[in-house]
Amino acid sequence: MKLIIDDVNIEKIKDVFSIFPIDGVTSNPSILYKYGKQPYEILREIREFIGENSELHVQVISESSEGMLKEAHKIIKELGKNTYVKIPVTREGLKVIKILRKEEINVTATAIYTQMQAYLAGKAGAQYAAPYVNRIDNLGANGVQVAKDIHDIFEKNNLKTEVLAASFKNSQQVLELCKYGIGAATISPDVIEGLIKNACVDVAVENFKKDFEILCGQGNTMLNCR
Ligand code: E4P
């Protein structure tokens, strides 16, 4: 499962990249709004930092197919080929996904709340389909199960599309989908930090250090003992 950062805060992205094995960055219009910088200004900065080999996912705003296509072309021109244009799976969006894939532009089908949306996006050629796990949970349904169903639908229908699960609120949701072998998860920096945070591990490491220092003296390590 690929691990992707769902944020555009460049300081946080740099910090998370320095610690975790990260494959790319996703954004959406609300995330851009929260950060407050002009979209291309910050997205170009992110592209420069992550390099050409990491994925960057950027969403269109237009509701018409003509508008979405124009935006998609500009996004690729500004941010490079390894950029995935996020297209909401609406009626117009489906049309755009088909056209963009014919043009060999990378597509992440987004705003997915149902298995059928994902199936249609996959059949239209999108490389990724992004179900919103936590938002689906908040509707009283089971977001993790919807993401698993989509993974199965792609496999059973021989579609190459991968699930890029989004909208996580806790480590448990991520773990469940990791165990299931979905293609990718895009996760906010806070939730990514939670993937490794564990007080038991901290106590275990602290106790190892204490024992070693009783043996070799305070402040000593394997570097300066006999
Ligand atoms: C990603 O494609 C989505 O835009 C994002 O993960 C939604 O997350 P949220 O439900 O926390 O806003």
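In this text the structure is predicted, and so the values were computed from the model without any measurement.

Peer 1: Whenever I open this one, the domain arrangement of the protein chain confuses me. Can you help?
Peer 2: When the parts of a complex come together, some accessible area is lost, and that lost area is often used as the size of the interface. Assigned domains within the protein chain: domain 1 (2-188) and domain 2 (196-226). On a C-alpha basis, the centroid separation for the pair domain 1 and domain 2 is 41 Å.

Peer 1: How do you make sense of the pairing of strand β3 (residues 55-59) when you look at a structure like this?
Peer 2: On any regular strand, side chains alternate: one points to one face of the sheet, the next to the other face. For β3, the tally of buried residues reaches five of five residues, placing the bulk of the element in the interior. Burial of the side chains of β3 extends over both faces: Glu55, His57 and Gln59 are buried on one face and Leu56 and Val58 on the other. Where strand β2 (residues 24-26) and β3 come together, three bridges link them in parallel fashion. Along β3, the bridge assignment pairs Gly24 with Glu55. Sheet topology note: the β3/strand β4 (residues 83-88) ladder contains four bridges and is parallel. In the strand pairing of β4, Leu56 is matched with Thr83. With helix α4 (residues 65-79) bridging β3 and its parallel neighbour β4, the resulting β-α-β unit is right-handed.

Peer 1: Explain the nonpolar core to me, please; I cannot follow it from the model alone.
Peer 2: Side chains that are nonpolar tend, in soluble globular proteins, to be buried together. Leu43, Ile46, Ile87, Ile97 and Phe168 are the most contacted members of the largest nonpolar core, which totals 58 residues. Top contributing element to this core by residue count: α4, with six residues. Residue contacts for Ile46: discarding those within four places in its chain leaves Val8, Ile10, Ile13, Val25 and Leu56. Counting five residues, the second-largest nonpolar core is a separate cluster that includes Ile4, Tyr128, Leu164 and Ala184.

Peer 1: Explanation requested: the pattern of salt bridges in the structure shown.
Peer 2: Opposite charge on two side chains allows them to pair when their charged atoms are near. One pass over the full model with this rule turns up six salt bridges. Residue Glu45 is joined to Lys37 by a salt bridge in which the shortest nitrogen-to-oxygen separation is 3.2 Å. For Lys37, a relative accessible area of 32% translates into the label partly exposed. Members of the salt-bridge network, linked through shared partners, are Lys148, Glu176 and Lys179.

Peer 1: Whenever I open this one, the pairing of strand β7 (residues 162-165) confuses me. Can you help?
Peer 2: Bridge analysis of strand β6 (residues 128-131) against β7 gives two bridges, and the strand direction is parallel. Across the sheet, Ala129 pairs through a bridge with Val163, a residue of β7. Sheet topology places β7 next to strand β8 (residues 184-187); two bridges connect them, and they run parallel. Pairing of Ala165 across the sheet is with Ala185, part of β8. Of the crossover connections in this fold, the one passing from β7 over helix α9 (residues 171-180) to the parallel β8 is right-handed.

Conventions and cut-offs
- Residues numbered from 1 in each chain as written.
- Predicted model: local features only at pLDDT ≥ 70, side-chain atom pairs only at ≥ 80, totals over all residues.
- Heavy atoms only, no water.
- Domains from an automatic or database assignment.
- Buried < 20%, exposed > 50% of the residue type's maximum accessible area, 1.4 Å probe, protein only.
- Helix = DSSP H or I, 4+ residues; strand = E, 2+ residues; numbered from the N terminus.
- Pairing = 2+ DSSP bridges.
- Right-handed = clockwise from strand over helix to strand, strands pointing away.
- Core = buried A, V, L, I, M, F, W, Y, C linked by side-chain atoms within 4.5 Å.
- Contact = heavy atoms within 4.5 Å.
- Salt bridge = Lys/Arg side-chain N within 4 Å of Asp/Glu carboxyl O.

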